[in-house]
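Coordinate analysis (summary)
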Amino acid sequence: LTPDEVSRSQLPRLINSLNYDLLYMNSFFSRLTVYTLLARRLGRLANKPILLAPRGEFYPGALALKPLRKKLYMRFAKQINLLDGVDWQASTAQEVETIQTMMPDQGGHIYTAQNLNRRTLPAVETKLIPKENSARLVFLSRISRNKNLDYALRALKGVSGDVTFDIYGPMEDERYWQECEALIEDMPANIKIAYKGPVPADQITMTFSEYHGLLLPTAGENFGHVIWEALYAGCLPVISDRTPWKDL
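Now for a description of the structure that goes with this document. (Residues numbered from 1 in each chain as written. Predicted model: local features only at pLDDT ≥ 70, side-chain atom pairs only at ≥ 80, totals over all residues. Heavy atoms only, no water.)

Notes on the nonpolar core
What counts is decided by this rule: Only buried Ala, Val, Leu, Ile, Met, Phe, Trp, Tyr and Cys residues count toward a nonpolar core, and they belong to the same one when joined by side-chain atoms within 4.5 Å. Think of it in three bands: with a 1.4 Å probe and only protein chains considered, a residue is buried below 20% of the maximum accessible area for its type, exposed above 50%, and partly exposed in between. Runs of E in the DSSP output that reach at least two residues are strands. Runs of H or I that reach at least four are helices, and both are numbered from the N terminus.
Leu149, Leu156, Phe165, Ile167 and Phe208 are the most contacted members of the largest nonpolar core, which has 33 residues in total. Elements supplying a minimum of two residues to this core: β5 (134-140), α6 (149-156), β6 (162-168), α7 (174-185), α8 (204-208), β8 (213-216) and α9 (225-232). Within the second largest apolar cluster, 28 residues are counted, among which are Val34, Leu52, Trp88 and Met103.

Put into structure tokens, the structure is as follows:
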């Protein structure tokens with residue numbers, strides 16, 4: 001959609017012009033979802049089934065970003081019964097619990113449907129040879145506070161061996177990156193860090209094959225495709241406990 005079409009006046013007209021059976025929405029907090037649910041509540045949309053997938057937005061790490069705005073909207077949604085007749089889609093049993101905790105008695109049924117990664121990835125062969133007291137580590141994700149890059153940098157500061165730590169990903173939050181840069185400038189000489197920009201999708205697994213480990217202490221992942229891609233390439237994921245990748 002163009003920016004003009006994502007407006008409170010245009011969006012209901014566009015939706016009403018379509019012949020659909022189900023309206024499926026990714027994200028609880030996106031402008032698209034907010035405008036659509038408001039239009040429905042005001043009677044400007046046909047009363048058709050809606051399935052809403054919050055995609056991990058109710059996890060503590062995600063709610064910690066712009067918390068006041070999110071709390072006010074959640075309270076507003078409850079007060080006006082914005083979610084009446086809206087069903088939820090969770091990706092894991094853990095996400096079911098977060099929806100029930102953060103939005104109790106809001107909406108209808110909660111369906112669980114796990115993420116599937118069916119992309120065919122190019123074959124890769126890891127040629128790295130482990131060396132004593134040294135490692136090549138990589139961060140490959142969006143540069144945003146939720147991905148916890150600053151935590152990774154603080155953790156590396158205490159490492160005694162020689163570490164190469166390359167950072168890949170789109171610059172989503174420049175102010176946050178400035179905080180990370182300050183940490184990088186204060187690193188000891190044995191930790192070599194470089195930012196290498198975004199990686200094209202078809203080069204991700206090849207990039208992973210050049211490193212011993214993925215360092216991703218994320219504050220919360222609904223699935224974490226990048227973790228699966230690292231495993232595929234033989235790159236050991238070093239991750240937080242805020243992902244579904246447990247007890248493997």
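Digging into the sheet that holds β8
By way of backbone hydrogen bonds, the strands of a sheet pair with one another, either parallel or antiparallel. Put simply, the test is: Strand pairing follows a simple DSSP-based rule, namely that at least 2 bridges must link the two strands. All axes here are fitted lines through C-alpha atoms, helices being fitted over the stretch that makes contact, and every angle between N-to-C directions spans 0 to 180 degrees. Whether two residues are in contact is decided by their heavy atoms: any pair within 4.5 Å suffices.
The five strands lie next to each other as β7-β6-β5-β8-β9, forming an open sheet whose pairing is parallel. At either end of the open sheet lies a strand with only one pairing partner, and these are β7 (191-195) and β9 (236-239). Sheet twist, expressed as the mean angle between neighbouring strand axes with direction ignored, is 25°. Direction of pairing for β8 relative to β9: parallel, over a ladder of four bridges. Bridge pairing links Gly213 to Leu236 in β9. Relative to the sheet, α6 contacts β5, β6, β7 and β8, its axis offset from that of β6 by approximately 170°.

Let's talk about helix α4 (residues 67-79)
We apply this condition: Expected helix span is computed as 1.5 Å times (number of residues minus one). Directions pointing from the helix axis toward each C-beta atom define the arc.
Between its first and last C-alpha, α4 extends 18 Å over 13 residues, near the 18 Å set by a 1.5 Å rise per residue. Every buried residue of α4 is accounted for by Lys70, Tyr73, Met74 and Ala77. The buried residues of α4 occupy an angular sector of 100° when projected down its axis, which confines them to one face. Turned more than 90 degrees from where α4 packs its buried face, Leu68, Lys71, Arg75 and Gln79 sit exposed. Looking at the buried residues of α4, the elements they touch are α2 (31-41), α3 (60-63) and α5 (93-102).

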